[in-house]
Amino acid sequence: MKSHYVNTIYRNRLRILAVILLVCLLGLMLRVVYIKLVSGGYLTELSDELHNRERTLESKRGDIVDRSGVVLATSGSICRVSVVHNQVENEEETARVLAEILGLTYEEVLEKVQKRVALQIIQNQVSTEQAQQIRQANLPGVMIDENYDRYYPFGSLAAQTLGFVGSDNQGVVGLEVAYDAYLQGIDGRILSLTDARGVNLEGQGEQLEKGADGHVLQTTLDVNLQQYAEQLIEKAVTQKNANKGALIAMNPQNGEIYAMALYPSFDLNTPFTIQDETLAQTWDQMDEAAQMDALNQMWRNWCINDTYEPGSTFKIVTASAALEEGLTSLEEGFHCSGNLVVADRRIRCHKSGGHGSLTFLQGVQQSCNPVFMTLALRLGVDRFYEYLDRFEFDEKTGIDVPGEATGLMHDKANVGPVELATMGFGQSLTITPIQLLRTAAAVVNGGTLVTPHFGKSIMDSSAQTVLKELTYDTQPQVISAATSDAMRTALESVVTEGGGSKASINGYSIGGKTATSQKLPRSAHQYISSFLGFSPVEDAQIMVLCLVDEPEGIYYGGTVCAPIVKEFLENALPYLGVKPNYSTEESGETDALDAEEGYTAAPDVLGMSYAQAKKTIEEAGLEVESLGSGEVVSEQFPLAGEEIRKGTKLIIYLEEEKTNEDTRFNEAD
Ligand SMILES: [Zn+2]
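Undergrad: Just checking my understanding: could you explain the overall build of the protein chain for this structure?
TA: Secondary structure assignment for the protein chain yields 21 helices and 26 strands. In the protein chain, which comprises 669 residues, the share counted as buried stands at 48%. Long-range contacts, defined here as pairs at least 24 residues apart, represent 72% of the contacts in the protein chain between residues at least 6 apart. Here the protein chain has roughly 31,800 Å² of accessible surface; of this, 50% comes from carbon and sulfur atoms.

What follows is the structure in structure tokens.
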């Protein structure tokens, strides 16, 4: 019984306890509901307001400078004007003053001032003078923040290489993308404490959290060489009415690129303005996708992002491989009958009558196709591909800009004798211009594959201290020093005795290789002329590749590009402090020849009939040699204006009907 009594007491006490707990719980719940429903909006608003009073203090993006510190890309100070609606005392007056100073309409400013948002930007790019005027007007609720705008002092200089930034100050193309992480600084913050109505809390000023400015990128580019390269390539493309052109100059010992000039180009300060006149005329009728395509095309660094069929400059690979494998020597004798039959196919030399008997060295000088077909066949598919591997044609060079392409070649399994033979003289495969330059550098520098690059070092934001030297991979002994030595001799003789004579410079030893590649389809008869040159031969300090795409008239690399490379090197060598390796007295012969009487400027006979041209040429004291069977002169050699010895031949090409020979392969050198 007792236990029952005790149980009842406990049960009553528990009930009382439960009721008390329940009441407490209800009270708490009511409080929560109250906070949520009644004062919650207020609190949320307050916290939002506090949050929105945080403004960004933009950091300065780091400069890009050339190898001597000349500024190529910089960030200038500009101001941003914004309005905090709740702090504005007189909307009309504020709008009127801002519109007047900023040159905007009163209505558009008023609309922005009246927007019930925490922070409304009125204008982003405001000059410091305008900002000063606005500060002096002392308008409550108007904020002025300083930020930075990217500026390129040289406009279009090295445009495709440097690249530019978008409105968010992030790199869009080129080095601005590749080094974005270094160039971008860390943004700071401005915090201001306000009450719910957005009025600054008494005694609470603005709080500044400082960020950090971006680092400076020092490049290997040289402003003077870059400017000069751009002038030369623009002149060449314009004169030859070509599609486009490029001139790249690199140190073949370490891969530092001094200049990469592409024409046509664009202005980095207005990158969204199309430069092509035809496109510009119809720009407004184009849809957005077509416009974007055109812009991408204009920004494209095709020396790195696109491949082409290299033609004869690629013969340096076949030659190096054959020498390295001991399959030939500079003295070995060959015979060229004008073509070589490979499997069931007759593949022509560019010299239709044939080179006759010649040594391997002469084969390099004359760029004789049958010599290189023979060497490729001697190497065989496996060994030929081993050298394609060694020179890393199926890999990126590692150059420090985005979007690099790699070479395209047949699957090894599908390569028969015809493919192998044509690859031997630079057809049936495509590579990028920068891959070719890298390969040629290895061929002449003793056999080391370098990484072409633009980035030299990362410096602090004031460009005073080097924070990091940028380093790049190298691959030694792709070919032996002895092979490299033999190749230098062969390539020097191309300039002294072969097709590259127009690149020779008094006092300097120059090595080089010409190329004229026929674009696909071959029936279109469009060419890429190119010339690769370096100096001094013994210890090359600079290597230059010049490409002219679809030149009109004469299209031989030795005629179109060798003189451009010569002109560039004539200035670049002394500029880089490279001393002439022999005195002008030793090479005085050429001077004497130039001074000799009896020279005349070649007349311009393009577009003339055969009879007209013959008359003009003979009146100039020259003889005529005509090629082709058409009616109108489509090409001439030498070009109009070039010095030519009286009594010698001026070759004219008459518009020709195509024969039905195998035109898959290029007959040009
Ligand atoms: Zn030949």
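On we go.
Undergrad: Can you help me understand the coordination of the zinc ion in this one?
TA: In an ideal octahedron of six donors the angles at the metal are 90 or 180 degrees, and in an ideal tetrahedron of four donors they are 109.5 degrees. Looking at the metal site, the zinc ion is ligated by Cys336 (SG), Cys349 (SG), His355 (ND1) and Cys368 (SG), spaced 2.0 to 2.4 Å from it. Taken together, the four donor atoms surrounding the zinc ion define angles of 100 to 118 degrees at the centre, an arrangement classified as tetrahedral. In terms of primary sequence, the donors binding the zinc ion are separated according to C-x12-C-x5-H-x12-C. Placement of His355 in the loop between β13 (345-348) and β14 (356-359) and of Cys368 in the loop between α13 (360-366) and α14 (369-390) is noted, with a sequence separation of 13 residues between them. His355 sits in the buried class, given a relative accessible area of 16%.

Undergrad: How do you make sense of the sheet that holds strand β24 (residues 633-637) when you look at a structure like this?
TA: Hydrogen bonds between backbone groups are what pair the strands of a sheet, and the pairing can be parallel or antiparallel. What the three strands build is an open sheet, ordered β23-β26-β24; its pairing is mixed. This sheet does not close on itself; its edge strands, each paired only once, are β23 (623-627) and β24. Between one strand and the next, the sheet's axes are offset by a mean angle of 25 degrees, whatever the strand orientation. In terms of strand pairing, β24 meets strand β26 (residues 649-654) through four bridges, oriented antiparallel. The partner of Val633 across the bridge, within β26, is Leu654. Strands in contact with helix α21 (residues 610-619) are β23, β24 and β26; relative to β23, the strand with the most contacts, it is inclined by about 150 degrees.

Undergrad: Whenever I open this one, the sheet that holds strand β6 (residues 188-192) confuses me. Can you help?
TA: In spatial order, the strands read β1-β6-β7; together these three strands make up an open sheet with antiparallel pairing. Two strands in the sheet have a free side with no partner beyond their single neighbour: β1 (54-57) and β7 (206-209). Across the sheet, the mean angle separating the axes of adjacent strands is 20 degrees when strand polarity is ignored. As defined by bridge partners, β6 adjoins β7 across four bridges and the pair is classed as antiparallel. Bridged to Ile190 within β7 is Leu208.

Undergrad: Please clarify how the packing of α14 against helix α15 (residues 417-424) should be interpreted in this entry.
TA: Helix-helix packing is described using two parameters, namely the angle between the two axes and the distance between the axes. In contact at an axis separation of 8 Å, α14 and α15 are set at 95 degrees when each is read in the N-to-C sense. Taken together, α14 and α15 sit at an angle that is classed as roughly perpendicular. In this structure, α14 uses Phe372, Met373, Ala376, Leu377, Gly380, Val381, Phe384, Tyr385 and Leu388 to contact α15, whose residues at the interface are Pro417, Leu420, Ala421, Met423 and Gly424. The residue inventory of the contact of α14 with α15, partitioned by class, reads 12 nonpolar, two polar and no charged.

Undergrad: Can you walk me through the packing of aromatic side chains in this structure?
TA: Aromatic rings considered in pairs are described by the distance between their centres and by the relative angle of their planes. A full pass over the atoms with the stated rule returns 12 aromatic pairs. Considering the side-chain rings of Phe334 and Phe360, the 6.5 Å spacing of their centres and the 50 degrees angle between planes classify their relative orientation as tilted. With Phe334 in strand β11 (residues 333-336) and Phe360 in helix α13, the pair connects residues that are 26 residues apart, well separated along the chain. Both residues of the pair, Phe334 and Phe360, count as buried. Taking 4.9 Å as the distance between ring centres and 50 degrees as the angle between the ring planes, the aromatic pair formed by Tyr555 and Tyr556 counts as tilted.

Undergrad: Hey, could you run me through the side chain of Ser75 in this one?
TA: Summarising the element assignment, Ser75 is placed in strand β3 (residues 71-83). A polar side-chain atom of Ser75 sits 3.3 Å from the main-chain carbonyl oxygen of Arg61. In contact with Ser75, other than residues within four places in its own chain, are Lys60, Arg61, Asp63, Tyr148, Asp149 and Arg150.

Undergrad: Honestly, the environment of Leu110 in this entry has me stumped. Any pointers?
TA: The residue Leu110 is located in helix α3 (residues 106-114) in this model. Counting along the chain gives 15 residues from Leu110 to Ala95, while the straight-line C-alpha distance between them is 4.9 Å.

Undergrad: What is the right way to read the state of the cysteines from this model?
TA: By definition, a disulfide links two cysteine residues through a covalent bond between their sulfur atoms. Tallied over the entire structure, the rule returns zero disulfides. Residue Cys546 stays outside any disulfide, its sulfur separated by 3.5 Å from that of Cys561, the closest cysteine. Judged by relative accessible area, Cys546 falls into the buried class, the value being 0%.

Undergrad: Hey, could you run me through the side chain of Asn169 in this one?
TA: Mapped onto the fold, Asn169 is located in the loop between α5 (159-162) and α6 (175-178). With near-sequence residues (within four places) excluded, Asn169 lies in contact with Glu58, Arg61, Tyr148, Arg150 and Gln184.

Cut-off values and rules
Residues numbered from 1 in each chain as written. Predicted model: local features only at pLDDT ≥ 70, side-chain atom pairs only at ≥ 80, totals over all residues. Heavy atoms only, no water. Helix = DSSP H or I, 4+ residues; strand = E, 2+ residues; numbered from the N terminus. Buried < 20%, exposed > 50% of the residue type's maximum accessible area, 1.4 Å probe, protein only. Contact = heavy atoms within 4.5 Å. Areas by Shrake-Rupley, 256 points an atom, 1.4 Å probe, with all protein chains shown as cover. Donors = N, O, S within 2.8 Å, 3.2 Å for Na, K, Ca; no water. Tetrahedral: all angles 85-135°; square planar, octahedral: opposite > 155°, others 65-115°. Pairing = 2+ DSSP bridges. Axes fitted to C-alpha atoms, helices over the stretch in contact; angles between N-to-C directions. Parallel < 35°, antiparallel > 145°, perpendicular 65-115°, else oblique. Nonpolar A, V, L, I, M, F, W, Y, C, P; charged D, E, K, R; others polar. Phe/Tyr/Trp six-rings, centres within 6.5 Å; stacked < 30°, edge-to-face > 60°. Polar contact = N/O pair within 3.5 Å; in protein donor to acceptor, adjacent residues only side chain to side chain. Disulfide = S-S within 2.5 Å.

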